[in-house]
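Chain and residue survey
Given next are the chains, with one letter for each unit.
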Amino acid sequence: MTWSEMQPLLEQACWDTLYMVGWSTLIAVVGGLPLGILLVLTDRGGLLQNVLANKVIGQIVNVARSMPFIILMVALMSFTRWITGTTIGREAAIVPLAIGAIPFFARLVETAVREVDGGLVEAVQSMGGNTWTIVRKVLVPESLPSLIASTTTTIVALIGYSAMAGTVGAGGLGDIAIRYGYQRFETELMWFTVAILAVVISLIQFAGDYAARSLHRRGGHSGAAPKLRLLKASTATSKTV
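Read on for a plain summary of the structure. Bear in mind the structure is a predicted one, so any value in this text is a computation, not a measurement.

Moving on, we come to the side chain of D16. Tracing the chain through its elements places D16 in helix α1 (residues 3-41). According to the relative accessible area criterion, D16 is buried, its value standing at 12%. Among the polar contacts made by the side chain of D16, one reaches the side chain of R90 at a distance of 3.2 Å.

Here's what the structure looks like:
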């Protein structure tokens, strides 16, 4: 296969992969962020302590995380067809990608939020801050560098999942590698798709690491930034309490 023949295939495959990963990441963040925070809040000693709810949510997350993606994708085919009207194509792939990524991201969020200094939480509580104020003014801002790193990890994982989704007609670079590179013995094309995936992952990892480091340098966990956040929290509290 010549370059002129490969180029349109690779361009479309790249856009399909970015489309699937982009929407899946957005859904994973929207669903996984509150879920991860809820796991922290409902844990023992948490602001909304509820051991039973925490165990139930945690078990659901663990089961969803432990399921291999290819099996999850097949198991969700009926649900995917109900949502999108089909089980093939990039829109259909977004459903299992997002559902698989939500519990994965939720656990990363839980780890990031647990790293927040408990003294900041206690300080806002002593000022009369409610749970929503603490989440919005302390937990999320203080864990933001780690949350960005978690999002980067999720995106990288989703790129790998999207390649697997290509094996069942989801499109993207995985589909090109399997349909043309493997099944038609176009070894050059297959390795070219691998190289593209490696470059994309490297760029995303670099951007995520740079953003996380930049936030740390601006005072993510120490110095004047927490004091400023506490002042904002106390101001917000005075308006709501």
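We are not done yet, so read on.
Within the element layout of this structure, E110 appears in helix α5 (residues 90-114). The residues contacting E110, other than those within four sequence positions of it, are G36, L39 and V40.

The next subject is the packing of helix α2 (residues 51-66) against α5. Interaxial distance between α2 and α5 falls to 8 Å at its minimum, and their mutual angle equals 125°. Considering the angle they form, α2 stands oblique to α5. Crossing handedness for the pair α2 and α5: left-handed. Residue-level contacts link G58, V61, N62, A64 and R65 of α2 to P103, F104 and R107 of α5. Of the residues that constitute the contact of α2 with α5, the class distribution is four nonpolar, two polar and two charged.

Once that is clear, we can look at the packing of helix α6 (residues 118-126) against helix α7 (residues 131-142). Between α6 and α7, the least distance of the axes is 10 Å, while the angle of their chain directions is 160°. Here α6 is positioned roughly antiparallel relative to α7, judged by the angle of their axes. Of the two possible hands of crossing, α6 and α7 adopt the one that is right-handed. Seen from α6, the contacting residues are L120, V121, V124 and Q125; seen from α7, they are T133, I134, V138, L139 and E142. Broken down by class, the residue content of the contact of α6 with α7 amounts to six nonpolar, two polar and one charged.

Take the pattern of salt bridges next. One pass over the full model with this rule turns up five salt bridges. One salt bridge connects R114 with D43, and the closest N-O pair in it is separated by 2.8 Å. Separated by 71 residues along the polypeptide, R114 in helix α5 and D43 in the loop between α1 and α2 bring together distant segments of the chain. E110 is the salt-bridge partner of R114, the closest N and O atoms lying 2.8 Å from each other. Here E110 and R114 lie together in helix α5, a separation of four residues that amounts to about one turn. For R114, a relative accessible area of 40% puts it in the partly exposed group.

It is worth spelling out the environment of P145 at this point. Among the structural elements, P145 can be located in helix α8 (residues 144-165). Sequence separation of P145 and A211 is 66 residues, and the distance between their C-alpha atoms is 7.5 Å.

Together, W23, L26, I27 and V30 make up an exposed nonpolar region whose accessible area comes to about 380 Å². Mapped onto the elements, W23 comes out in helix α1. For W23, a relative accessible area of 43% translates into the label partly exposed.

Before going further, it helps to examine α6. Taken as a whole, α6 has its buried residues at L120, V121 and V124. Each buried residue of α6 lies within a common arc of 100° when the element is viewed along its axis, so the set occupies one face. Exposed residues pointing more than 90 degrees away from the buried face of α6 are listed as E122 and S126. The N-capping residue of α6, defined by a side-chain oxygen 3.0 Å from the backbone nitrogen of G119, is D117. G128 lies just past α6 and shows a positive phi near 95°.

Cut-offs applied
- Residues numbered from 1 in each chain as written.
- Predicted model: local features only at pLDDT ≥ 70, side-chain atom pairs only at ≥ 80, totals over all residues.
- Heavy atoms only, no water.
- Helix = DSSP H or I, 4+ residues; strand = E, 2+ residues; numbered from the N terminus.
- Buried < 20%, exposed > 50% of the residue type's maximum accessible area, 1.4 Å probe, protein only.
- Polar contact = N/O pair within 3.5 Å; in protein donor to acceptor, adjacent residues only side chain to side chain.
- Contact = heavy atoms within 4.5 Å.
- Axes fitted to C-alpha atoms, helices over the stretch in contact; angles between N-to-C directions.
- Parallel < 35°, antiparallel > 145°, perpendicular 65-115°, else oblique.
- Left-handed = near helix turned anticlockwise from the far one by under 90°.
- Nonpolar A, V, L, I, M, F, W, Y, C, P; charged D, E, K, R; others polar.
- Salt bridge = Lys/Arg side-chain N within 4 Å of Asp/Glu carboxyl O.
- Patch = residues over 30% accessible without salt bridge, like charges linked within 9 Å, V, L, I, M, F, W, Y side chains within 5 Å.
- Areas by Shrake-Rupley, 256 points an atom, 1.4 Å probe, with all protein chains shown as cover.
- Arc of directions from axis to C-beta.

Interpretation in functional terms is not warranted from these geometric data alone.
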